[in-house]
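# A structural walkthrough
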Amino acid sequence: PSVPSRHGAVKAEDTFKTSPFHLDLWFYFTLQNWVLDFGRPIAMIILPLEWFPLNKPSAGDYFHMAYNVITPFLLLKLIERSPKTLPRSMVYVSIITFVMGASIHLVGDSVNHRLIFSGYQHHLSVRENPIIRNLKPETLIDSFELLYYYDEYLGHSMWYIPFFLILFIYFTGCFTPAAEQSRMPLAALLLVGPSSLYYWYLVTEGQIFILYIFTFFAMMALVMHQRRKGLVLDSNGLFLFLSFIITLLLILAWVGWLWNDKTLRKKYPGVIYIPEPWAFYTLHMNNLHAARGGL
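Analysis parameters
- Per chain, residue numbering runs from 1 following the sequence as it is written.
- Totals for whole chains, interfaces and linings use every residue, but because this is a predicted model, local features are given only for residues with pLDDT of at least 70 and side-chain atom pairs only at 80 or more, for both listing and counting.
- Calculation of side-chain values draws on the structure's entire complement of heavy atoms; hydrogens and water are dropped beforehand.
- Each helix is a run of DSSP H or I of at least 4 residues and each strand a run of E of at least 2, with the numbering of both proceeding from the N terminus.
- The classification of residues rests on relative accessible area computed with a 1.4 Å probe and restricted to protein chains. Under 20% of the type maximum is buried, over 50% is exposed, and intermediate values are partly exposed.
- Any two residues whose heavy atoms approach within 4.5 Å at even a single point are treated as in contact.
- Residue-level accessible areas treat just the shown protein chains as cover; the underlying method is Shrake-Rupley with a 1.4 Å probe.
- Take a side-chain nitrogen of Lys or Arg and a carboxyl oxygen of Asp or Glu: if they are within 4 Å of each other, that pair is a salt bridge.
- UniProt positions are given in the numbering used here, feature names are shortened, and annotations may be inferred rather than shown by experiment.
- Residues enter a patch when their relative accessible area is above 30% and they make no salt bridge; the linking distance is 9 Å between like charges and 5 Å between nonpolar side chains (Val, Leu, Ile, Met, Phe, Trp, Tyr).
- In this analysis an axis means a line fitted to C-alpha atoms, helices contributing only their contacting stretch, and an angle means the value between N-to-C directions, from 0 to 180 degrees.
- Orientation is classified from the angle alone, with under 35 degrees giving roughly parallel, over 145 giving roughly antiparallel, 65 to 115 giving roughly perpendicular, and any other angle giving oblique.
- By definition, any crossing whose near helix is turned counterclockwise from its far helix by less than a right angle is left-handed, and any crossing with a clockwise turn is right-handed.
- The nonpolar class holds Ala, Val, Leu, Ile, Met, Phe, Trp, Tyr, Cys and Pro. Asp, Glu, Lys and Arg form the charged class, and all remaining residues, Gly among them, are polar.
- For Phe, Tyr and Trp, rings pair up if their centres lie within 6.5 Å, where Trp contributes its six-membered ring, and each pair is then called stacked (planes under 30 degrees apart), edge-to-face (over 60) or tilted (otherwise).
- A ring is scored as having a charge over it whenever the NZ atom of a lysine or the CZ atom of an arginine sits within 6 Å of its centre and within 35 degrees of its normal.

### Some words on the overall build of the protein chain
- Check the secondary structure of the protein chain and you find ten helices and two strands.
- Its helices and strands taken in sequence order, the protein chain reads α-α-α-α-α-β-α-α-β-α-α-α from the N to the C terminus.
- Split into buried and exposed, the 295 residues of the protein chain put 46% on the buried side.
- Here the contacts in the protein chain between residues at least 6 apart in sequence split such that 79% fall between residues at least 24 apart.
- For the protein chain, the exposed area adds up to about 15000 Å²; of that, 68% sits on carbon and sulfur atoms.

Rendered as structure tokens:
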């Protein structure tokens, strides 16, 4: 019989194969997430403003551009290494949507972070910010709210939904009947911490806890279902699953620490209360730096 393409529809006759731990891909994936995503706003803040005028792209914007190219490439390479054939059309549509969403976010996030230099405070809503509420005509405020919507809602949705979907699609192929393959090498154990910490930042800063928790529950359900068939996670699947478990523990610790913060409670009302790290920074760390500067 003909061999199906790597991303073709899943065939019943597919056999389970063992896949070694993808140290190179997981390392590059974790490294570029930390440098190009988490490092974006940090680079913009610490580098001299004279190098990147406010009417030009910042260092963080160039980081974001690189992220938008490298991340989908690594995701495609990860899918290619799956020992199981995966749905090609779903993978392609997810990657296309991911790139579009991340690009929308690039523009909105660039402007919003540049506003920090003008006194914008991320722990306040758009209309409550002192530099926004006095704008004339008032329709300009609507324009900034539209920008915020593209940044925090539409951009995040089109970015993160396909991102987690691709990870889950890959996860479905990470099962093996060989119990000895369900072990993580030392390199994987060393990467779990940085990987989990980044996912904590992604979920809290992106405000995508519902998407994350549904993905995690889907992973748990799949693990239990496959276990009844005598299948266990291989080293790659175990690495991804353990990263998500530690991420959940980090989120719970973060929420518990800021549970009684009245200012952040006001910005994040409702049942699900998960403050953004950058909102915490502009509220507390900026004030701390200003107080030290005054001394």
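### Remarks on the pattern of salt bridges
- Applying the stated criterion across every chain, the model contains nine salt bridges.
- A salt bridge links Asp-24 to Arg-81; the shortest N-O distance between them is 2.8 Å. One end of the pair, Asp-24, is in helix 1 (residues 23-46); the other, Arg-81, is in the loop between helix 2 (59-80) and helix 3 (88-114), and 57 residues separate them in sequence.
- With a shortest N-O distance of 2.9 Å, Arg-127 and Glu-145 are connected by a salt bridge. Here Arg-127 is found in the loop between helix 3 and helix 4 (130-133), whereas its partner Glu-145 is found in helix 5 (residues 139-171), with 18 residues between them in sequence.
- Several salt bridges converge on common partners, so that one network encompasses Asp-37, Arg-40 and Asp-109.

### A word on the UniProt feature "transmembrane region" (unreviewed entry) in the protein chain
- As recorded in UniProt, the feature "transmembrane region" (unreviewed entry) lies at residues 62-79, 91-108, 159-179, 186-202, 208-225 and 237-259.
- In residues 62-79, helix accounts for 100% and strand for 0%; the two terminal C-alpha atoms are 26 Å from one another.
- Each end of residues 208-225 is marked by a C-alpha atom, and these two atoms are 26 Å apart; helix forms 94% of the span and strand 0%.

### As for a nonpolar patch on the surface
- Side chains of Leu-23, Phe-27, Tyr-28, Leu-31 and Val-35 sit close together on the surface and give an oily, nonpolar patch of about 450 Å² of accessible area.
- Examined against the element boundaries, Phe-27 turns out to sit in helix 1.

### Considerations on the packing of helix 2 against helix 3
- Packing of helix 2 against helix 3 brings their axes to within 10 Å, and their N-to-C directions diverge by 165 degrees. Comparing the axis directions of helix 2 and helix 3 gives the class roughly antiparallel. Note on packing geometry: the crossing formed by helix 2 with helix 3 is right-handed. Each of Asp-61, His-64, Met-65, Tyr-67, Asn-68, Thr-71, Pro-72, Leu-75, Leu-76 and Ile-79 in helix 2 lies in contact with helix 3, whose residues at this interface are Val-91, Ile-95, Phe-98, Val-99, Ala-102, Ser-103, His-105, Leu-106 and Ser-110.
- Grouping the amino acids of the contact of helix 2 with helix 3 by side-chain chemistry returns twelve nonpolar, six polar and one charged.

### Focus on the packing of aromatic side chains
- As enumerated under the stated definition, the model contains 34 aromatic pairs in all.
- Geometrically, the ring pair formed by Tyr-149 and Tyr-150 is edge-to-face, given 6.1 Å between the ring centres and 65 degrees between the ring planes.
- Look at Tyr-150 and you get partly exposed, because its relative accessible area is 38%.
- Stacked on the ring of Tyr-273, the Lys or Arg Arg-265 has its end atom at 4.1 Å from the ring centre.

### Comments concerning the packing of helix 5 against helix 8 (residues 235-257)
- Axis separation between helix 5 and helix 8 bottoms out at 10 Å; the angle between their running directions is 140 degrees. Here helix 5 is positioned oblique relative to helix 8, judged by the angle of their axes. In this structure, helix 5 contributes Phe-164, Leu-167, Tyr-170 and Phe-171 to the contact, and helix 8 contributes Asn-236, Gly-237, Leu-240, Phe-241 and Phe-244.
- Residues of the contact of helix 5 with helix 8, tallied by class, amount to seven nonpolar, two polar and no charged.

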